Amino acid sequence: MSKPLVRALHETDLAALLELETVCFDHPWSEKQLSTYLVGERYLCFGLWSTTQLHGFALLSTVLDEAELLQIGVHPDYRGQGGATELLSYVHARLNDRGINRCLLEVRSSNTPALGLYHRLAYQKDGVRKGYYPTAKGSEDAILMSCGKLKSALGG
């Protein structure tokens, strides 16, 4: 991928976001859900672009000085190339610009690449939600994580 551009997503990006959502996840969010995030005042949505193609996205909700990473996805063809790191580094900078100093998330316990990414970006494990995510064979745990050092995660 050429040098990616990260920018805020807008309502006009809904089709690209919906398409990428269905490629990234077995249980994609609906068009209505995604549209709500793109237009809602308390949501922040960012995309990782190469020319006109959306390769990754991050969706967050905000309340006061905290944010929650609701979802992050990178197209399977572009995983392992630093796109998620680029995207989350940008997200952290924008959160910091807004005076938001803590970001929360949950991640599947089996998602080793994501867990590694979050640890590299100074996220700490806060707890576990047992059986939170459905699977073909039952359920799996969600690991609860947070980063209260967004400046440190940026290297500052």
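Up top is the structure.
We now turn to the structure provided with this report. (Residues numbered from 1 in each chain as written. Predicted model: local features only at pLDDT ≥ 70, side-chain atom pairs only at ≥ 80, totals over all residues. Heavy atoms only, no water.)

## Examining the layout of surface pockets
Volume-wise, the largest pocket comes out at about 1200 Å³. Taken together, 35 residues make up the lining of the largest pocket; nearest its centre are Cys24, Phe25, Ile72, Arg108 and Asn111. Every element with two or more residues in the lining of the largest pocket is listed here: strand 4 (66-74), helix 3 (83-97), strand 5 (102-108), helix 4 (112-120) and strand 6 (124-135). Of the residues forming the lining of the largest pocket, the biggest block, seven residues, is contributed by strand 4. A per-class count over the lining of the largest pocket returns 18 nonpolar, ten polar and seven charged. (1 Å grid on protein atoms, 1.4 Å probe; cavity = no way out; pocket = protein on both sides within 12 Å on 5 of 7 lines; lining within 4 Å. Points joined across faces, edges and corners; volume = space filled by probe spheres on them. Helix = DSSP H or I, 4+ residues; strand = E, 2+ residues; numbered from the N terminus. Nonpolar A, V, L, I, M, F, W, Y, C, P; charged D, E, K, R; others polar.)

## Section: the side chain of glutamine 71
In this structure, glutamine 71 sits in strand 4. Polar side-chain contacts of glutamine 71 include one of 3.4 Å to the side chain of glutamate 21. Setting aside chain neighbours within four positions, we find glutamine 71 in contact with Glu21, Phe25, Trp29, Phe57, Ala58 and Leu59. (Polar contact = N/O pair within 3.5 Å; in protein donor to acceptor, adjacent residues only side chain to side chain. Contact = heavy atoms within 4.5 Å.)

## Section: the packing of helix 3 against helix 4
Packed helix pairs are specified by the crossing angle of their axes together with the interaxial distance, meaning the distance between the axes. One can describe the packing of helix 3 onto helix 4 by two numbers: an axis separation of 11 Å at closest approach and a directional angle of 40 degrees. Viewed along their axes, helix 3 and helix 4 adopt a mutual orientation that is oblique. Relative to helix 4, helix 3 is oriented so that their crossing is right-handed. Across the interface between the two elements, Ala84, Thr85 and Leu88 of helix 3 pack against Leu117, Tyr118 and Arg120 of helix 4. Here the residues of the contact of helix 3 with helix 4 are counted per class, giving four nonpolar, one polar and one charged. (Axes fitted to C-alpha atoms, helices over the stretch in contact; angles between N-to-C directions. Parallel < 35°, antiparallel > 145°, perpendicular 65-115°, else oblique. Left-handed = near helix turned anticlockwise from the far one by under 90°.)

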